[in-house]
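This is what each chain is made of:
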Amino acid sequence: MTSSIREHYILVKRILIIVLVLNWSVALAKIIYGVLSHCASMTADGFHSFSDGTSNIIGILGIYFACQPKDKDHPYGHKKYETFASLGIAFLLFLLAFNLIKEGIGRLYKPVLPKIELQNFVVMLVTIAVNLWVMQYEKKKGLALKSDILISDAMHTKADIFTSFGVIIAFCGIKMGYPIIDPITTILISIFIAYAGYKITKESSNVLCDTVAALDLKQIENIVLGIKGVKTCHKIRTRGRPDDIHVDLHVQVNPSMHIDDAHKISYAIETELRKGIPQITDVVVHMEPKKNT
């Protein structure tokens, strides 16, 4: 494994550890004040934040496997382990959503009157501010490093922010004499959480199931046709993660061309594609003779 790849994963791991500490600090504050005030929505939001931290641990484990060097059994490397680990984050979200729905429905049938004080509002506002910073930080770093784990975790944190605003609305409703808003908010929070899990599952599955990569095929074709000796280019296929895209394509050349010259063209195609589109890490070129019509 090259030093640049190693440094990439060390940086991602460092970001996840920073976010882990912040997530669990936020979760602890919400859970403690939620339990003390008998507020189900605040406690639920605290466990949601706790799951954020758990997802960070899953991300760190995924990074450990993803940064392993290529070997005989994994000639394409281990980068998809990072994508696979993001499915673990989605699983936690679905599990949490299910438990919160049960809690919310239970509170509808057996109401508990929460005791909302000024401290509850202060705790929620402070945790929202922390989560806003975490989300922006993770998203920015995730896009810069093209990390599935960081981007997925930023989406997880975004869901946490929305649910926290929902908790504050529930506080207002409780203060106005409508305690039923507390379990209703808990159920709505669970729906937000489940949707975040769905989005992560969909995006991760696209990579793991080799859905077409988000590349401009016309750009690939133009680069290939710009190489001397290439007559036509067709059957372009792409797959992989945003930072690890594999391309295979067919090109037609003069039927009388010597194999050495054809090999040089194939090498030039790979070089130019990787230079023109840095996300491309592997290119397979199938040579065909251009028949005269």
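Residues numbered from 1 in each chain as written. Predicted model: local features only at pLDDT ≥ 70, side-chain atom pairs only at ≥ 80, totals over all residues. Heavy atoms only, no water.

*Asks:* I tried to follow unusual backbone geometry on my own but got confused; where do I start?
*Replies:* With the exception of glycine, the majority of residues adopt a negative phi angle, and the majority of peptide bonds are in the trans configuration. One non-glycine residue, His38, lies in positive phi territory at about 55 degrees. As for its position among the elements, His38 is in the loop between helix 1 (3-36) and helix 2 (40-66). The class of His38 is partly exposed, set by a relative accessible area of 44%. The backbone of Lys235 sits at a positive phi, close to 50 degrees, despite the residue not being glycine. Relative to the helices and strands, Lys235 is located in strand 1 (residues 232-241). (Helix = DSSP H or I, 4+ residues; strand = E, 2+ residues; numbered from the N terminus. Buried < 20%, exposed > 50% of the residue type's maximum accessible area, 1.4 Å probe, protein only.)

*Asks:* Please clarify how the pairing of strand 3 (residues 280-289) should be interpreted in this entry.
*Replies:* Here is the key point about a regular strand: its side chains alternate between the two faces of the sheet. With nine bridges joining them, strand 2 (residues 244-253) and strand 3 adopt parallel strand pairing. Its bridge partner lying in strand 3, Asp248 is registered against Val284. For the crossover that starts at strand 2, traverses helix 8 (residues 259-276) and ends in the parallel strand 3, the hand is right-handed. (Pairing = 2+ DSSP bridges. Right-handed = clockwise from strand over helix to strand, strands pointing away.)

*Asks:* What is the right way to read the pairing of strand 2 from this model?
*Replies:* Counting buried residues in strand 2 gives nine out of 10 residues, a clear majority hidden from the surface. Two strands pair when backbone bridges link them, and strand 1 and strand 2 are joined in this way by eight bridges, in the antiparallel orientation. By the bridge assignment, Arg241 is partnered in strand 2 with Asp244. Hairpin connection from strand 1 to strand 2: two residues lie between these consecutive antiparallel strands.

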